[in-house]
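Summary of structural features
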Amino acid sequence: MSDPDVRVLTESEYRAASDLFLQTLLVAPMDDERWAGTKDRYEAGRVLGAHVDGELVGTVMSMSNDLTVPGGRRVPAAAVTGVGVRADRTRRGLLTALMREQLDDAAARGEVVAMLHASEAVIYERFGYGPATRCREVEIDRGRARLRETAPRGGRVRILPREQAGERMRALYQACRDDRAGLIDRPDAWWPARKQHRTGKGATVAVHSDESGADDGYVLYEPAKSADSLEVYDLVAADATAAAELWRFLFGVDLVGSINGHERPLDEPIEWLLADSRACRTTNVGDDLWLRLLDVPTALRARSYGPGDPVVIEVRDAFLPANAGRYRITAQGAESTDAAPDLGLDVAVLAVVYLGDRRVTDLAAAGLVEERTPASAAAADALFVTARSPWCGTGF
Ligand SMILES: CC(=O)SCCNC(=O)CCNC(=O)[C@H](O)C(C)(C)COP(=O)(O)OP(=O)(O)OC[C@H]1O[C@@H](n2cnc3c(N)ncnc32)[C@H](O)[C@@H]1OP(=O)(O)O
């Protein structure tokens, strides 16, 4: 095979890149209507193609976004998607060439992290990505779903006319945007591209308003095609009362046997709202957002830390060696240092603890963090772990 020619694609090539990506996922190309709702996500300069003998055989793209980190700050982020190499050209280094180009470009744009949702867990660690948030799928048996007396109560829920739903969801998502680490922006082009959010297609949107009448949460759901279940694709709430009332509303929808919640945060207390906690079953827990820290010092400085003894971490980065370094982490923040490290880890492992999803001690127990000073992994836990589970819940 001759050397791949990796270059930025022009607008006239975006649809071919989309067709190629879908082909690699074993999915049919988009029809014109779906493409019309999707094409605005493509940003000039951010769609790459790998050509061999003049043929497009590999592609990746990214979109400008940002990520909420612990403490509530946002950092600029490259949202990576559309990754695919044609099946007759895989395992020849094409993705590696595309990733190198893409990560260098994102770093040059000043993006502090790159992020993606992975089709397989084995692809991205070599490029410095680690799974940084998780989410769960839940199935609630509606016949048994009675809320406890203690479940928060207040305000009311109303179903929106379809033509109002899109705008209301956008405003409410925006208002809840920094609620927890792991949340990202949903730009204008995101909404029509997302199948479930095309509200003309059978989805229902219900909004909760508080006692003063101000809207503070919504749920988007649709009936499953072949069963008596409701599929909940999006539930966003500004506080615990709005969330509890939206679930209460769902449990009250007639003719429904079960309610399936998709991509929900791990710490959402559905079981604790219910008199019969086993009416809610977790059917899957999976990785959600994968992160690649492109600018480790800026990323470490951007987040807040819990109270705890300081630690010095040494970060290795084989794919972007300039990103390696030693950092002293304290309850007050992070700074570069020459001091001897207490802990050593790869940049992909740092991504796993960066938003607070996993404990450093667990990763040390698995051999992924070297503890050079006794008890330093536990000290790092106190600094890195966050009160709420980080969660993204936004596909892209
Ligand atoms: C964010 C998203 O868009 S997720 C969607 C990702 N796309 C898909 O899953 C579509 C189907 N798969 C594909 O298109 C391709 O297999 C890709 C894009 C995952 C990988 O492309 P390739 O060009 O084969 O990757 P490349 O040759 O650069 O691989 C680099 C290394 O990763 C390994 N690798 C890459 N993909 C995989 C995989 N799916 N499983 C196991 N190992 C893999 C290769 O073996 C290679 O290892 P080596 O360096 O030890 O030899």
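Just so it is clear, the model here is predicted, and its values are computed rather than measured.

Moving on, we get to the nonpolar core. One finds Leu67, Leu291, Leu300, Ile313, Ile329 and Leu350 to be the most contacted residues of the largest nonpolar core, which totals 76 residues. Counting residues per element, this core draws most heavily on helix H9 (residues 347-354), at seven residues. With sequence-adjacent residues up to four places away left out, Ile313 is seen in contact with Leu300, Gly325, Arg326, Tyr327, Ile329, Leu343, Leu345 and Leu350. Within the second largest apolar cluster, 25 residues are counted, among which are Val60, Leu95, Ile123 and Leu320.

Turning to the site of the ligand, a few remarks are in order. Close to the ligand lie 24 residues, the nearest being Val83, Arg91, Thr96, Ser119 and Glu120. In the model, an oxygen atom of the ligand is placed 2.8 Å from a nitrogen or oxygen of the Gly93 main chain. Relative to its free-state accessible area of 960 Å², the ligand is covered by the protein chains to the extent of 75%. Ranked by residue count, the leading element in the shell around the ligand is strand S4 (residues 74-85), at six residues. Of the residues that constitute the shell around the ligand, the class distribution is 11 nonpolar, nine polar and four charged.

Across its 15 residues, helix H3 (residues 94-108) extends 21 Å between first and last C-alpha, which sits within 8% of the 21 Å expected from 1.5 Å per residue. Considered for burial, the residues of H3 that qualify are Leu94, Leu95, Leu98, Met99, Gln102, Leu103 and Ala106. Projected down its long axis, H3 shows its buried positions confined to an angular sector of 145 degrees, all on one face. Next to the buried residues of H3 lie strand S1 (5-8), strand S2 (47-52), strand S3 (55-68), S4, strand S5 (113-116) and strand S14 (290-293). Downstream of H3 by a residue or two, Gly110 has a phi angle that is positive, lying close to 85 degrees.

Taking 1.5 Å per residue, 12 residues should reach 16 Å; helix H6 (residues 240-251) reaches 17 Å between its end C-alpha atoms and fits that length. Across the 12 residues that make up H6, a large majority, nine, are buried. Among the residues of H6, Ala242, Ala243, Ala244, Glu245, Leu246, Trp247, Arg248, Leu250 and Phe251 are the ones counted as buried. Two or three places before Thr241, at the opening of H6, Asp239 has a side-chain oxygen 3.2 Å from that residue's backbone nitrogen.

The next point concerns the UniProt feature "binding site: acetyl-CoA" (unreviewed entry) in the protein. Mapped onto this structure's residue numbering, the UniProt feature "binding site: acetyl-CoA" (unreviewed entry) falls at Val83, Gly84, Val85, Arg91, Arg92, Gly93, Leu94, Leu95, Thr96, Ser119 and Glu120. For Leu94, the location among the structural elements is in helix H3.

To continue, consider the UniProt feature "domain: N-acetyltransferase" (unreviewed entry) in the protein. If you check UniProt for "domain: N-acetyltransferase" (unreviewed entry), the listed places come out as residues 4-152 in our numbering. When the span residues 4-152 is considered, its composition is 22% helix and 34% strand, and the gap between its end C-alpha atoms is 58 Å.

Our next topic: the sheet that holds strand S16 (residues 325-330). Sheet strands associate in pairs through backbone hydrogen bonding, adopting either a parallel or an antiparallel arrangement. On the basis of which strands lie adjacent, the open sheet formed by five strands has the order S17-S16-S15-S18-S19 and mixed pairing. Two strands bound the open sheet, and with one partner strand each, they are strand S17 (333-336) and strand S19 (369-371). On average, adjacent strands in this sheet sit at an angle of 25 degrees to one another, irrespective of strand direction. Across five bridges, the pairing between strand S15 (residues 311-316) and S16 is antiparallel. When the sheet's bridge partners are listed, Val315 is paired in S16 with Gly325.

Looking at the element boundaries, Val347 is found in helix H9. Judged by its relative accessible area of 3%, Val347 is buried. C-alpha of Val347 to C-alpha of Asp288: the two residues are 59 residues apart in sequence and 18 Å apart in space. Excluding its chain neighbours within four sequence positions, the residues that come into contact with Val347 are Gly128, Arg292, Leu293, Val296, Val315, Arg316, Asp317 and Asn323.

About the thresholds
Residues numbered from 1 in each chain as written. Predicted model: local features only at pLDDT ≥ 70, side-chain atom pairs only at ≥ 80, totals over all residues. Heavy atoms only, no water. Core = buried A, V, L, I, M, F, W, Y, C linked by side-chain atoms within 4.5 Å. Buried < 20%, exposed > 50% of the residue type's maximum accessible area, 1.4 Å probe, protein only. Helix = DSSP H or I, 4+ residues; strand = E, 2+ residues; numbered from the N terminus. Contact = heavy atoms within 4.5 Å. Near = heavy atom within 4 Å. Polar contact = N/O pair within 3.5 Å; in protein donor to acceptor, adjacent residues only side chain to side chain. Areas by Shrake-Rupley, 256 points an atom, 1.4 Å probe, with all protein chains shown as cover. Nonpolar A, V, L, I, M, F, W, Y, C, P; charged D, E, K, R; others polar. Expected span 1.5 Å × (residues − 1). Arc of directions from axis to C-beta. UniProt positions renumbered as here; feature names shortened; annotations may be inferred. Pairing = 2+ DSSP bridges. Axes fitted to C-alpha atoms, helices over the stretch in contact; angles between N-to-C directions.

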